[in-house]
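Fold and contact review
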Amino acid sequence: MATKYNLKQWAYAATVMAAASSQSAWAEDAHSYAKLQEVTTPHLELDLTVDFEAKQLRGTATYDLVRKSNDATTVHMDTRELTISKAEIWQDNAWQETSFELAEPHETLGQELTVSIGEATDKLRIHYATAPTASGLQWLSPEQTQSGKFPFMFSQSQPIHARSWIPIQDTPALRLTYDATVRTPAGMLAVMSADNSLDPELDGNYSFSMPQPIPPYLIAIAAGELVVKEISDNVAVFAEPYIIDDAAWEWADTPAMITATEEMYGPYRWDRYDLLVLPPSFPFGGMENPRLSFITPTVVSGDRTLINLIAHELAHSWSGNLVTNASWRDLWLNEGFTSYVENRIMESLFGERRAQMELALGYQDLLDNMERLASKDTVLNLELGTRHPDDVFSQVPYVKGQLFLVYLENKFGRETFDNFLRQYFDDFAFQSISTAEFKAYLARHLLAKNPNVVSMEQVNEWIHEPGLPADAPKPTSNAFAEVEKQMQRWLKGGQLTTQEWTTHEWLHFINNLPLDISSVNMRRLDEQFNLTQSKNAEIAHAWLKLAIVKNYEPARDRLRNYLLTIGRNKLVSPLYRELAKTPDNLKWAREVYQQAKPGYHPLTQTVNEALLYPEQ
Ligand code: BES
Ligand code: ZN
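Each value, and the rule that gives it
- Residues numbered from 1 in each chain as written.
- Chains lettered and ligands numbered in written order.
- Predicted model: local features only at pLDDT ≥ 70, side-chain atom pairs only at ≥ 80, totals over all residues.
- Heavy atoms only, no water.
- Helix = DSSP H or I, 4+ residues; strand = E, 2+ residues; numbered from the N terminus.
- Rg over C-alpha atoms; globule rule 2.2 N^0.38 Å.
- Buried < 20%, exposed > 50% of the residue type's maximum accessible area, 1.4 Å probe, protein only.
- Contact = heavy atoms within 4.5 Å.
- Pairing = 2+ DSSP bridges.
- Axes fitted to C-alpha atoms, helices over the stretch in contact; angles between N-to-C directions.
- Near = heavy atom within 4 Å.
- Polar contact = N/O pair within 3.5 Å; in protein donor to acceptor, adjacent residues only side chain to side chain.
- Areas by Shrake-Rupley, 256 points an atom, 1.4 Å probe, with all protein chains shown as cover.
- Donors = N, O, S within 2.8 Å, 3.2 Å for Na, K, Ca; no water.
- Parallel < 35°, antiparallel > 145°, perpendicular 65-115°, else oblique.
- Left-handed = near helix turned anticlockwise from the far one by under 90°.
- Nonpolar A, V, L, I, M, F, W, Y, C, P; charged D, E, K, R; others polar.
- Salt bridge = Lys/Arg side-chain N within 4 Å of Asp/Glu carboxyl O.

**Looking at the overall build of the protein chain**
In terms of regular secondary structure, the protein chain is built from 18 helices and 21 strands. Scaling as 2.2 N^0.38, a compact globule of 616 residues should have a C-alpha radius of gyration of about 25 Å, and the protein chain matches this with 25 Å. Considering only C-alpha atoms, the protein chain reaches an extent of 85 × 70 × 50 Å along its principal axes. Burial status across the protein chain gives 58% buried among its 616 residues. Put simply, of all contacts in the protein chain between residues at least 6 apart along the chain, 73% involve residues at least 24 apart.

Printed below as a string of structure tokens:
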């Protein structure tokens with residue numbers, strides 16, 4: 001039996017490898033018009049003016065062109081709502097105007113830009129401007145910032161929004177280096193996912209260089225009233241003045257996280273690792289822009305309990321930024337691996353108890369998510385078609401992907417699995433890979449070397465079948481078992497002993513309160529622990545969600561205020577989703593939403609309008 005099993009495994013691996021090599025990664029990216037088999041753009045030079053009045057970036061993008069096919073005379077790029085005024089090619093030692101064509105807009109993909117490049121040139125320059133509604137940018141007026149002194153702008157390019165601020169071959173299968181010159185009003189600072197200065201002169205003229213090749217979705221920019229505070233010789237925080245000290249305190253463990261990750265998975269290859277605090281309208285918890293992760297202020301909780309988010313964005317420096325998903329169907333290669341590494345970092349710094357609680361919280365989120373997802377959206381190797389990746393965003397690539405790796409770790413043992421991962425990061429460093437390529441690598445470097453432990457059938461079930469395999473890990477936490485015991489006693493009128501509780505225990509407690517909890521008990525909790533007024537954005541979120549379900553009126557004002565001041569979609573949209581369930585709450589939610597909308601990021605607007613105005 002054993003040999004047969006083994007042969008089958010090998011036969012499968014061979015098939016997979018053949019499939020992977022005959023089909024280059026770009027051919028599988030349905031979300032880009034780029035034709036990397038004809039021409040690639042391995043280097044980009046940006047020269048941009050940040051115009052806050054017009055809510056516009058304006059200037060030029062200049063590309064190095066590499067011809068992959070001798071008869072290519074056009075280059076195909078992605079754009080969305082860009083105004084292209086001129087295209088030029090470098091020829092006979094001068095810039096010469098060339099023709100271009102913008103196709104009709106596609107709802108999710110934007111507009112294909114086709115530029116004639118003739119037969120000889122190796123440089124192209126495009127003059128362009130962005131739209132005030134660019135899906136990858138948010139523009140905030142001075143009144144929308146904490147000090148009110150300067151406006152603020154930032155980008156969020158992942159997954160397919162780089163094309164709304166740069167004409168680009170917007171596929172993660174491409175890797176490019178970039179240089180940039182950015183002009184802002186004097187007194188403001190511009191930063192990018194590149195080599196930021198720690199001692200900038202605020203003259204409104206900034207230049208950047210990103211020497212490591214990255215996928216386009218990692219190109220990032222922000223500008224505002226920013227100051228810098230160093231945490232160590234390789235880590236600093238950039239933030240608006242109001243939060244700089246708190247953020248630097250909150251994230252003091254970052255240097256130790258880098259060291260721990262290097263010990264497990266090899267060198268950090270990006271030089272510095274800095275963190276940028278965005279305004280509260282930043283639509284994500286964090287974004288792993290290389291050398292400068294973008295972070296929501298809602299994790300600056302004052303007690304360092306939410307710093308797994310920093311571990312997560314840092315972990316992307318290996319999984320995602322170093323080894324990159326070749327298309328958005330392969331997002332789990334970025335997020336699943338990163339969630340796994342994140343949890344390992346947390347375990348290494350803070351021990352198993354905390355790591356287990358975080359894993360268990362993620363697992364519960366995944367189960368909740370899967371309940372409302374279409375079955376086909378619960379597979380790891382997503383079936384997207386040309387659906388917008390933002391529309392399919394869920395915990396599946398994150399937590400199901402993570403559980404798959406936990407499963408492999410359990411099966412092969414930590415040492416073997418760590419060695420495998422370390423080698424994987426090394427072998428694919430600065431490359432983009434597809435799920436098929438990963439499977440082939442896994443078959444060869446883990447399954448075949450340790451026969452009869454995990455079969456390719458089992459791997460395929462994890463990667464291509466909906467839901468979770470029957471033998472998937474089911475993370476539990478002893479700390480949470482204690483919380484549940486206390487909850488039972490408390491529901492019968494006993495006291496809670498919460499002095500030792502961190503955010504994690506509170507989240508588990510609130511998320512698992514029985515939905516038939518009495519209003520007396522809601523009030524009893526709130527009076528003793530002040531949950532409605534919790535300054536911890538995650539705890540407040542969990543409580544407010546329950547408050548909606550229970551129509552707990554004392555939390556209404558806080559709920560309104562929460563929705564008006566926070567735009568992180570993961571904290572906002574479950575609340576609107578819950579509100580949309582009854583006609584009265586929906587009416588109320590629409591009023592609040594209309595008031596909040598000008599402060600929300602385009603992504604937060606799109607997602608929540610789908611919840612509140614489903615008929616449109
Ligand atoms: N890269 C993601 C954010 C993202 C994913 C943006 C896909 C667009 C498309 C980032 O690293 C992330 O996962 N953020 C999480 C962090 C959390 C899991 C700790 C978030 O924002 O909540
Ligand atoms: Zn991530």
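**As for the pairing of strand S17 (residues 274–277)**
Every second residue of S17 is oriented toward a common face, with Asp274 and Leu276 on one face and Leu275 and Val277 on the other, all of them buried. Judged from the two bridges that link them, strand S16 (residues 236–239) and S17 form a sheet pairing that is parallel. Following the sheet pairing, Val237 is matched in S17 by Leu275. The sheet contact formed by S17 and strand S19 (residues 292–295) spans four bridges and is parallel. From the neighbouring strand, Leu276 faces S19, where its bridge partner is Phe294.

**Quick look at the sheet that holds strand S6 (residues 100–102)**
Taken in spatial order, the three strands make up an open sheet running S3-S7-S6, and their pairing is antiparallel. Whereas interior strands pair on both sides, the edge strands pair on one side only; in this sheet they are strand S3 (74–79) and S6. Mean inter-strand twist for the sheet, computed between neighbouring axes without regard to direction, equals 20°. Bridge count for S3 against strand S7 (residues 111–116) is six bridges, and the pairing is antiparallel. Pairing of His76 across the sheet is with Thr114, part of S7.

**Side note on the site of ligand 1**
In the vicinity of ligand 1, 16 residues are found, and the nearest of them are Gln158, Gly285, Glu288, Glu313 and Tyr398. In this structure, an oxygen atom belonging to ligand 1 sits 2.7 Å away from a side-chain N or O atom of Glu313. Glu335 has a polar side-chain atom sitting 2.9 Å from a nitrogen atom of ligand 1. Relative to its free-state accessible area of 520 Å², ligand 1 is covered by the protein chains to the extent of 92%. Of all the secondary-structure elements, those providing two or more residues to the shell around ligand 1 are strand S18 (286–287) and helix H4 (308–315). Per-element accounting of the shell around ligand 1 gives the leading share, three residues, to H4.

**Focus: the coordination of the zinc ion (ligand 2)**
Protein coordination at the zinc ion (ligand 2) comes from His312 (NE2), His316 (NE2) and Glu335 (OE), with a distance range of 1.9 to 2.1 Å. Counting residues between consecutive donors of the zinc ion (ligand 2) along the chain gives the motif H-x3-H-x18-E. Taken together, the positions of His316 in the loop between H4 and strand S20 (323–325) and Glu335 in helix H5 (residues 331–350) put the pair 19 residues apart, joining distant regions of the chain.

**Focus on the packing of helix H17 (residues 583–596) against helix H18 (residues 602–612)**
The contact between H17 and H18 brings their axes to 11 Å, and the two run at 155°. In terms of axis orientation, H17 runs roughly antiparallel to H18. The chirality of how H17 crosses H18 is left-handed. In this structure, H17 contributes Leu586, Ala589, Arg590 and Tyr593 to the contact, and H18 contributes Gln605, Asn608, Glu609 and Leu612. Its residues assigned to classes, the contact of H17 with H18 shows four nonpolar, two polar and two charged.

**Focus on the pattern of salt bridges**
Side chains that carry opposite charge are capable of pairing whenever their charged atoms lie near each other. Scanning the model with the defined rule gives 26 salt bridges in all. Where Asp418 meets Arg344, a salt bridge forms, and the shortest distance between an N and an O atom there is 2.8 Å. One end of the pair, Asp418, is in helix H8 (residues 414–427); the other, Arg344, is in helix H5, and 74 residues separate them in sequence. Between Arg353 and Glu505 there is a salt bridge, with its nearest N and O atoms 2.8 Å apart. Of this pair, Arg353 sits in helix H6 (residues 352–372) while Glu505 sits in helix H12 (residues 503–511), placing them 152 residues apart in sequence. The exposure class of Arg353 is exposed, given its relative accessible area of 52%. We classify Glu505 as buried; its relative accessible area is 2%.

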